[in-house]
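Each chain, written out:
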Protein chains: 2
Amino acid sequence: MATDPLSQTLSALADPTRRAILARLALGEASVTELAEPFDMSLPAVSKHLKVLEHAGLISRSKDAQWRPCRLEAAPMKEAAAFLDAYRRFWEESLDRLDDYLQALQATDPDAKPN
Amino acid sequence: MATDPLSQTLSALADPTRRAILARLALGEASVTELAEPFDMSLPAVSKHLKVLEHAGLISRSKDAQWRPCRLEAAPMKEAAAFLDAYRRFWEESLDRLDDYLQALQATDPDAKPN
């Protein structure tokens, strides 16, 4: 469905299993079997996730070695990070507002201490 | 489908129309009609996108005013930015590798100047 690269990146990352696969690959290359191990998933299910990641350019798979190791390709994340960074001042503001609110709450009720 | 907050945030952002809506709201509150204007979309289609954004906590809608303005809520983006930031060194490395490759290419063929 997602056609533009940024949507494709964000969509591929919008899954906890795919994020766990990337976290594993951040430690080094791994085969599909190795990637499947920590999950209670079939190899075809893991392969499906790998296809999504490969299509988004977030991993590559060696064509040479027989075990076809997967490798993290983080470059597409740069655009996603830049997109989010443009909103940084907004999320910082919203956390400031929450902080002000909690402090006002505490001033009203001295027993309402944050724990 | 996405149940964890980070997946929900990334999934909501994985659409160019929804990102355009957020960019508009970064300029200030807007009604559904105002948000629909720049897109060649029906109000129900825009409302559907707004529901996705609202469900992800990326916008809120005033219950009071009759025109129910939409407002940007950027707080969920913080976790997404932190997630991506953990991969920063990987995408910087991959850009360094590309740079090395281009420089090596240029050293081999002095006419191959970057433009």
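Numbering of residues starts from 1 in every chain and runs along the sequence as written. Lettering of chains starts at A and numbering of ligands starts at 1, both following the order in which they are written. Where totals are concerned, whole chains, interfaces and linings use all residues; where local detail is concerned, this predicted model gives features only for residues with pLDDT of at least 70, and gives and counts side-chain atom pairs only at 80 or more. Only heavy atoms go into the side-chain values, all of them from the structure, while hydrogens and water stay out.

## What about the relation of the copies chain A and chain B?
Note that the two copies of the chain are related through a rotation about an axis and a translation along the same axis.
Then step 1. Here the copies are matched by least squares. The fit uses the C-alpha atoms of residues with pLDDT of at least 70 in both. Its rotation angle being 180°, the transformation that places chain A on chain B also includes 0.1 Å of axial translation and leaves an RMSD of 0.1 Å. A rotation of that kind, with that shift, is consistent with a two-fold axis.

## Remarks on the packing of helix α1 (residues 5-13) of chain A against helix α5 (residues 77-85) of chain A
Two measures define how a pair of helices packs: the angle their axes make with one another and the distance between the axes.
Residue and element names in this part refer to chain A.
Then step 1. Every axis corresponds to a line fitted to the C-alpha atoms, with the helix fit spanning only the stretch in contact, and the corresponding angles, defined between N-to-C directions, vary from 0 to 180 degrees. Think of it this way: any DSSP run of H or I at least four residues long counts as a helix, any run of E at least two long counts as a strand, and we number them from the N terminus. Remark: α1 packs on α5, axes separated minimally by 9 Å, with the N-to-C direction vectors making an angle of 95°. The angle between α1 and α5 falls in the class roughly perpendicular. Together, P5, L6, T9, L10 and L13 of α1 and M77, E79, A80 and F83 of α5 make up the contact between the two elements.
Then step 2. Note on residue classes: Ala, Val, Leu, Ile, Met, Phe, Trp, Tyr, Cys and Pro are nonpolar, Asp, Glu, Lys and Arg are charged, and everything else, Gly too, is polar. The residue inventory of the contact of α1 with α5, partitioned by class, reads seven nonpolar, one polar and one charged. By the definition adopted for this analysis, an angle is roughly parallel if under 35 degrees, roughly antiparallel if over 145, roughly perpendicular if from 65 to 115, and oblique otherwise. For this analysis, residues touch if any pair of their heavy atoms sits within 4.5 Å.

## Re the packing of helix α2 (residues 16-25) of chain B against helix α4 (residues 43-55) of chain B
All names here are of chain B.
Then step 1. Close contact between α2 and α4 brings their axes to 10 Å; oriented N to C, the two are set at 75°. Taken together, α2 and α4 sit at an angle that is classed as roughly perpendicular. Residue-level inspection shows T17, R18, I21 and L22 of α2 in contact with α4, the latter providing V46, H49, L50, V52 and L53.
Then step 2. For the contact of α2 with α4, a count of residues per class yields six nonpolar, two polar and one charged.

## Focus on the interface of chain A and chain B
Then step 1. Taken together, the 31 residues of chain A in the interface contact 31 residues of chain B.
Then step 2. Taking both partners together, chain A and chain B bury about 2700 Å²; carbon and sulfur atoms supply 71% of that area.
Then step 3. On the chain A side of the interface with chain B, the three residues burying the most area are R19, Y87 and W91 of chain A, jointly 21% of the side's total.
Then step 4. Salt bridge, as used here: a side-chain nitrogen of Lys or Arg that lies within 4 Å of a carboxyl oxygen of Asp or Glu. Scanning the region where chain A abuts chain B turns up two salt bridges.
Then step 5. For D4 of chain A, the salt bridge is made with R19 of chain B, and the minimal N-O distance between the two is 2.8 Å.
Then step 6. In protein, a polar contact means a hydrogen-donor-capable atom and an acceptor-capable atom, both N or O and within 3.5 Å, with residues adjacent in sequence counting only if both atoms are side-chain atoms; elsewhere, any N or O pair within 3.5 Å suffices. Seen at the junction of chain A and chain B, the total is six residue pairs in polar contact (both at pLDDT 80 or more).
Then step 7. When contributions to the side of chain A that touches chain B are tallied by element, the ones reaching two or more residues are α1, α2 (16-25), β2 (70-72), α5 and α6 (88-108) of chain A.
Then step 8. Taken together, the residues of the side of chain A that touches chain B sort by class into 20 nonpolar, three polar and eight charged. For any pair of parts, buried area is found by adding up, for both, the accessible area (1.4 Å probe) each one loses once the two are put together.

## Observations concerning the environment of A23 of chain B
Residues and elements named next belong to chain B.
Then step 1. You can see A23 is positioned in helix α2.
Then step 2. The partly exposed category is assigned to A23, whose relative accessible area is 38%.
Then step 3. Sequence separation between A23 and L72 is 49 residues; the distance between their C-alpha atoms is 8.9 Å. Buried means the residue's accessible area, taken with a 1.4 Å probe over protein chains only, is under 20% of the maximum for its type, while exposed means over 50%, and partly exposed covers the values in between.

## Overview of helix α4 (residues 43-55) of chain A
All names here are of chain A.
Then step 1. End to end, α4 covers 18 Å across 13 residues, agreeing with the expected 18 Å (1.5 Å per residue, within 8%).
Then step 2. Looking at α4, one finds that the buried residues are V46, H49, L50 and L53. Buried residues along α4 cover an arc of 100° about the axis, so they all sit on one side. Set apart from the buried face of α4 by more than 90 degrees, the exposed residues are P44, K48, K51 and H55. Here the expected span of a helix is defined as 1.5 Å times the quantity of residues minus one. The arc in question is the one traced by the directions running from the helix axis out to the C-beta atoms.

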